[in-house]
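A closer look at the structure
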Amino acid sequence: MAASRDHSVTQWLADLSTMSPLGINEQQWLSENWLVQFAALGIHRIALIEPNSLHNQLVIESVLADGRRYTHADIQFFADVPAALDWLTMSDAGVIETLEQEWQAVLAG
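Quick summary incoming for the structure in this document. By convention here, each chain's residues receive numbers from 1 onward along its written sequence. Reporting in this predicted model follows two pLDDT cut-offs: at least 70 for local features of residues, and 80 or more for side-chain atom pairs to be given and counted; totals over whole chains, interfaces and linings ignore these cut-offs and use all residues. Hydrogens are left out, water is left out, and the side-chain values use all remaining heavy atoms of the structure.

1. Some thoughts on the overall build of the protein chain
In this text, helices come from DSSP runs of H or I with a minimum length of four residues, and strands from runs of E with a minimum of two, each type numbered from the N-terminal end. Assigned secondary structure in the protein chain consists of five helices and three strands. Between the two quantities, the radius of gyration covers C-alpha atoms and the globule rule is 2.2 Å times the number of residues to the power 0.38. By the compact-globule yardstick of 13 Å for 109 residues, the protein chain fits well, its C-alpha radius of gyration being 14 Å. Dimensions along the principal axes, computed over C-alpha positions, put the protein chain at roughly 40 × 30 × 25 Å. What makes two residues a contact is simply this: any of their non-hydrogen atoms within 4.5 Å. Partitioning the intrachain contacts of the protein chain with sequence separation of at least 6 by distance along the chain shows that 78% fall at a separation of at least 24. Note that accessible areas follow from Shrake-Rupley with a 1.4 Å probe, and for residues the cover is restricted to the protein chains shown. Of the roughly 6,800 Å² of accessible surface on the protein chain, 54% is carried by carbon and sulfur atoms.

And the structure:
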């Protein structure tokens, strides 16, 4: 979160597709601690790549429902990164291509 705060980030893309199963402790921490810190960032739009696990999907949806009391960010779920980037960039082809290249470079490590 520090990087988002330091660089005045207003949009997030989070790939939840390979996330490990979330337990009750993680759900509680997300709802009680993470959401409060997140709300202070002023993020306006969040694109989430859907978790592969139905369990995690339900947990994330529950946490997001809890978060509505802290933030009113526009949150959308997507099946893949290109669709999420399209939404975040409002279909600006140049920006999408640059972000996709950066995303792939990070994944390649």
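2. Regarding the nonpolar core
The nonpolar side chains of soluble globular proteins are, as a tendency, buried together. Membership of the largest hydrophobic core comes to 17 residues, with the highest contact counts inside it found for Trp12, Phe38, Ile46 and Leu48. For this core, the secondary structure elements donating two or more residues are α2 (24-39), β2 (45-49) and α3 (54-67). Excluding its chain neighbours within four sequence positions, the residues that come into contact with Ile46 are Trp12, Phe38, Ala73, Asp74, Ile75, Gln76 and Trp87. What makes a nonpolar core is a set of buried Ala, Val, Leu, Ile, Met, Phe, Trp, Tyr and Cys residues whose side-chain atoms join them at distances within 4.5 Å. For every residue, the accessible area (1.4 Å probe, protein chains only) is compared with the maximum for its type, and the residue is labelled buried under 20%, exposed over 50%, or partly exposed between those bounds. Counting eleven residues, the second largest nonpolar core, distinct from the first, contains Leu13, Ala47, Ile49 and Trp87.

3. Some words on α3
Compared with an ideal rise of 1.5 Å per residue, which puts 14 residues at 20 Å, α3 spans 20 Å between its outermost C-alpha atoms and is within 8% of the ideal. Of the positions making up α3, those classed as buried are Asn56, Gln57, Val59, Ile60, Val63, Leu64 and Gly67. One side of α3 carries all its buried residues, which in axial view fall inside an arc of 165°. Opposite the packed face of α3, turned more than 90 degrees from it, sit the exposed residues Leu54, Leu58 and Ala65. Each element contacted by the buried residues of α3 is listed here: α2, β2 and β3 (74-78). With a side-chain oxygen lying 3.2 Å from the backbone nitrogen of His55, the N-terminal cap of α3 falls on Ser53. A helix's residues, less one, multiplied by 1.5 Å, set its expected span. Our arc is simply the arc of the directions from the helix axis toward the C-beta atoms. Here a polar contact is recorded for every N or O atom pair within 3.5 Å, except that within protein the pair must consist of a potential hydrogen donor and a potential acceptor, and residues adjacent in sequence are included only if both atoms are side-chain atoms.

4. Observations regarding the side chain of Arg45
Tracing the backbone through its elements, the reader meets Arg45 in strand β2. Not counting residues up to four positions away in its chain, the partners in contact with Arg45 are Thr10, Gln11, Trp12, Asp74, Trp87, Leu88 and Met90.

5. With respect to the packing of α2 against α3
Two elements in contact, α2 and α3, have axes whose closest approach is 10 Å; the angle formed by their N-to-C orientations is 30°. On the basis of their axis angle, the class for α2 and α3 is roughly parallel. Relative to α3, the crossing made by α2 is right-handed. Across the interface between the two elements, Gln27, Leu30, Ser31 and Leu35 from α2 touch Val59, Ser62, Val63, Asp66 and Gly67 from α3. Just so you know the grouping, Ala, Val, Leu, Ile, Met, Phe, Trp, Tyr, Cys and Pro go in nonpolar, Asp, Glu, Lys and Arg go in charged, and all remaining residues, Gly too, go in polar. Classifying every residue of the contact of α2 with α3 gives four nonpolar, four polar and one charged. Only C-alpha atoms enter the line fits that serve as axes; for helices the fit covers just the stretch in contact. Angles between N-to-C directions range over 0 to 180 degrees. Each angle gets one of four labels, with under 35 degrees taken as roughly parallel, over 145 as roughly antiparallel, 65 to 115 as roughly perpendicular, and the rest as oblique. Should the near helix be turned anticlockwise from the far one by less than a right angle, the crossing is left-handed, and should it be turned clockwise, the crossing is right-handed.

6. Here's the deal with the layout of surface pockets
Volume-wise, the largest pocket comes out at about 310 Å³. Residue assignment for the lining of the largest pocket shows that the elements contributing at least two residues are β1 (11-15), α2, β2 and α3. Tallying contributions element by element places α2 first for the lining of the largest pocket, with six residues. Broken down by class, the residue content of the lining of the largest pocket amounts to 16 nonpolar, two polar and two charged. Definitions used for this entry: grid spacing 1 Å over protein atoms alone; cavity, a set of points where a 1.4 Å probe fits but cannot get out; pocket, an open set with protein on both sides within 12 Å along at least 5 of 7 lines; lining residue, one with an atom within 4 Å of a point. If you go around the second largest pocket, the residues you meet are Gln11, Trp12, Leu13, Leu85, Leu88, Thr89, Val95, Leu99, Glu102, Trp103 and Val106. Grid points are joined across faces, edges and corners, and a volume is the space filled by probe spheres set on the points.

Note that every value here comes from positions in space, so none of it alone points to a role or purpose.
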